[in-house]
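A look at the structure
Next come the chains, spelled out residue by residue.
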Amino acid sequence: MIFGFGKSFFIQRKKDRKPASVARSWERIEAWFQTHAPELLSNLHAGASAEEIAAFEAAAEVTLPDPVRESYQIHNGQEEIATGMLIGEPLDTLERIGSGIQYSREYRKEYEESDAYSSLDEESTSYPVDAIRRLYFNPGWISLGDWDGNCYGVDLDPGPNGVSGQVINFGRDEDHKYVLALSWAHFLEDIADELEAGSLEVRMSETEKGFAESFGRRGHNDQALHRFYREWSLAKLPKAFQNQKPAPRVAVFPGKEITGPLAEEARVVVEGFIAAMSDYEQHWLRIRPIHKLGYHLVIEDEDGHRLEPLYMSKVKLPEALLETSSEAAPLSRMQMKVHVKEAVAGYRAILQQFCTPRKRSMDGALVQCFPPKYMKSRERVTQVRQVADDQLLVYTTPVRDSTSRYHLKQVDGRWLIDLRDETEDHAEFVKTSLLFGFSG
């Protein structure tokens, strides 16, 4: 059956099926190139040996899905500076794949060691819903083709509605992620089918010998598959897979709840920190009342500043305030850089008293927000849970529908705040900076 999208069309897969062998799909793909673009066939490399693939897996500490392993025994990628052989998308060598895995792990390690979430994670979407984890980068995503930081490959760490080995897109500009096939074998067979059906075409460049200027839907100047990920996903995935409901979110409370002297010690640390931060915020709002100047957020350091007017606030503000401060004050009234050093010193003093000495996001900035983030009159400790001998979780009163959870570590005999995260359902927690919850 053909599935239409305006002038484009693809074979629609309504149900799951056992795909053809990887070897058979490559035979068909190569035969198509031999007929329609023989000059591109030399871009494909010879296959890697089973021993070379095993050595790669050991070095990269990854186990490739069987279809990917079989595929790389046929073709170990392609020429780097050449037309992408899989609907315009490049097929990387094992060496390049290894470099991509290392970069992804280093990026994720840096994120995990930071004290704040990445807003890039928050902007990520998955189709089908919950098939792909909502992350910007995931070490479990193995890029098989990288085009300037935008990738496609196999997902070894899928979301609750996904399957290990599914083919997905991800990377620098890929906020919207799609499952493109249930496996690499499905993906290669789908490509072979569409090539033979005539719905895909290669248009060779008239100026660059041996290069294609477009490889995509017939009649479109697509350049490559990334121009129609969504259409491909809608056509190629079984309907039952596409129509899954969002995965249920289950509240999680790690460790065991404790009371007594240890819980009291943790309460004193967390409520002391909240009080200190609340006083800090109020102090700087008295000196520079940003809400009266028409702003809900001001961030400034020695290198620059960021200002957001009241109407951009995600927190609902009183109409009277919005009416009286409808226009943001000019920079000349904001006393920029006048107070940065003093404010930074004050914040760092609070960190030194209550927190572990890890690197903190924006600890060199004066950050003001309205409404204030910390409210010592409202945010009180409600529960303390012990997850290890030297680790505690401290929950506080919900504020604006969000509960804060403080991670405490024992350092040299003292309990100190290490991280803070927030949740609305106790199922998903978002790591937030101690400096008013902003990302790093």
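Note that the coordinates shown come from a computational prediction; the quantities given were computed from them, not determined experimentally. (Residues numbered from 1 in each chain as written. Predicted model: local features only at pLDDT ≥ 70, side-chain atom pairs only at ≥ 80, totals over all residues. Heavy atoms only, no water.)

What about the pairing of strand S11 (residues 295–301)?
Counting buried positions along S11 yields six of seven residues, so the element is predominantly enclosed. Bridge count between S11 and strand S12 (residues 304–309): six bridges; the pairing is antiparallel. Across the sheet, residue Asp301 finds its bridge partner in S12, namely Gly304. What sits between S11 and S12 in their antiparallel hairpin is a turn of two residues. Sheet analysis places S11 next to strand S13 (residues 366–369), joined by four bridges and oriented antiparallel. Its bridge partner being in S13, Val298 is matched across the sheet by Gln368. (Buried < 20%, exposed > 50% of the residue type's maximum accessible area, 1.4 Å probe, protein only. Helix = DSSP H or I, 4+ residues; strand = E, 2+ residues; numbered from the N terminus. Pairing = 2+ DSSP bridges.)

Quick notes on the pairing of strand S16 (residues 403–411)
Two elements, strand S15 (residues 391–396) and S16, share five bridges in a ladder whose sense is antiparallel. Opposite Val394, over in S16, you have Tyr406 as the bridge partner. With antiparallel pairing between neighbouring strands as the criterion, S15 and S16 make up a hairpin whose turn holds six residues, including Arg400 at a positive phi of roughly 55 degrees. As paired elements, S16 and strand S17 (residues 414–423) share nine bridges and run antiparallel to each other. Bridged to His407 within S17 is Leu419. Between S16 and S17, which pair antiparallel and follow one another directly, the connecting turn spans two residues, one of which, Asp412, has a positive phi of 50 degrees.

Quick notes on the nonpolar core
Formed by 48 residues in total, the largest nonpolar core has its most connected members in Ile29, Leu86, Trp184, Phe187 and Trp232. In terms of residues, this core owes the most to one element, helix H6 (residues 184–197), which gives seven residues. With sequence-adjacent residues up to four places away left out, Phe187 is seen in contact with Tyr152, Val167, Leu180, Ala181, Leu225 and Trp232. Within the second largest apolar cluster, 34 residues are counted, among which are Val269, Ala343, Leu392 and Val394. (Core = buried A, V, L, I, M, F, W, Y, C linked by side-chain atoms within 4.5 Å. Contact = heavy atoms within 4.5 Å.)

Things to note about the packing of aromatic side chains
On inspection of all chains with the given rule, the structure shows 18 aromatic pairs. Residues Tyr136 and Phe137 carry aromatic rings whose centres are separated by 5.1 Å and whose planes lie at 65 degrees to one another, so their mutual orientation is edge-to-face. Here Tyr136 falls in the buried class, since its relative accessible area comes to 9%. A relative accessible area of 9% places Phe137 in the buried class. With 5.3 Å between their ring centres and 45 degrees between their planes, Trp141 and Phe170 make a pair best called tilted. Of this pair, Trp141 sits in strand S4 (residues 141–147) while Phe170 sits in strand S6 (residues 166–171), and the two are 29 residues apart along the sequence. A relative accessible area of 3% means that Trp141 is categorised as buried. Residue classification places Phe170 among the buried residues on the basis of a relative accessible area of 3%. (Phe/Tyr/Trp six-rings, centres within 6.5 Å; stacked < 30°, edge-to-face > 60°.)

Points about the pattern of salt bridges
All chains considered together, the criterion is met by 31 salt bridges. With its nearest N and O atoms 2.5 Å apart, the salt bridge here joins Asp193 to Arg28. Residue Asp193 is found in helix H6, and its partner Arg28 is found in helix H1 (residues 22–36); the two are separated by 165 residues along the sequence. Residue class for Asp193 comes out buried when judged on its relative accessible area of 14%. The buried category is assigned to Arg28, whose relative accessible area is 12%. Residue Arg267 pairs with Glu264 through a salt bridge whose shortest N-O separation is 2.5 Å. Here the residue Arg267 and the residue Glu264 both occupy positions in helix H9 (residues 261–287), the gap between them amounting to three residues, near one helical turn. A relative accessible area of 38% places Glu264 in the partly exposed class. (Salt bridge = Lys/Arg side-chain N within 4 Å of Asp/Glu carboxyl O.)

Quick notes on the sheet that holds S17
The antiparallel open sheet is built from six strands, whose spatial order is S10-S14-S15-S16-S17-S18. Strands at the two margins of the open sheet, each flanked by one partner only, are strand S10 (256–257) and strand S18 (430–431).

Considering H6
The first and last C-alpha atoms of H6 sit 20 Å apart over 14 residues, in line with the 20 Å expected at 1.5 Å per residue. Here H6 lies mainly inside the structure; 12 of its 14 residues are buried. Residues Trp184, Ala185, His186, Phe187, Leu188, Glu189, Asp190, Ile191, Ala192, Asp193, Glu194 and Leu195 constitute the buried set of H6. Near the N-terminus of H6, the side chain that reaches the backbone nitrogen of Ala185, with its oxygen 3.3 Å away, is that of Ser183. Gly198 occupies a position one or two residues after H6 and carries a positive phi of about 85 degrees. (Expected span 1.5 Å × (residues − 1). Polar contact = N/O pair within 3.5 Å; in protein donor to acceptor, adjacent residues only side chain to side chain.)

Thoughts on the side chain of Thr356
Mapping Thr356 onto the fold places it in the loop between helix H11 (340–354) and S13. Residues contacting Thr356, with those up to four places away along its chain left out, are Lys409, Val411, Leu416, Ile417 and Asp418.

Here's the deal with the environment of Ala328
Mapped onto the elements of the fold, Ala328 is located in the loop between helix H10 (319–324) and H11. Separated by 43 residues in sequence, Ala328 and Pro371 place their C-alpha atoms 16 Å apart. Setting aside chain neighbours within four positions, we find Ala328 in contact with Leu293, Gly294 and Tyr295.

What to know about the sheet that holds strand S3 (residues 125–127)
Taken together, the five strands give an open sheet; going across it, the order is S3-S7-S6-S5-S4, and neighbouring strands pair in mixed fashion. A strand with exactly one partner marks an edge of an open sheet, and here the two such strands are S3 and S4. Between one strand and the next, the sheet's axes are offset by a mean angle of 25 degrees, whatever the strand orientation. Two strands pair when backbone bridges link them, and S3 and strand S7 (residues 176–181) are joined in this way by three bridges, in the parallel orientation. (Axes fitted to C-alpha atoms, helices over the stretch in contact; angles between N-to-C directions.)

Read these as spatial facts, not as claims about activity.
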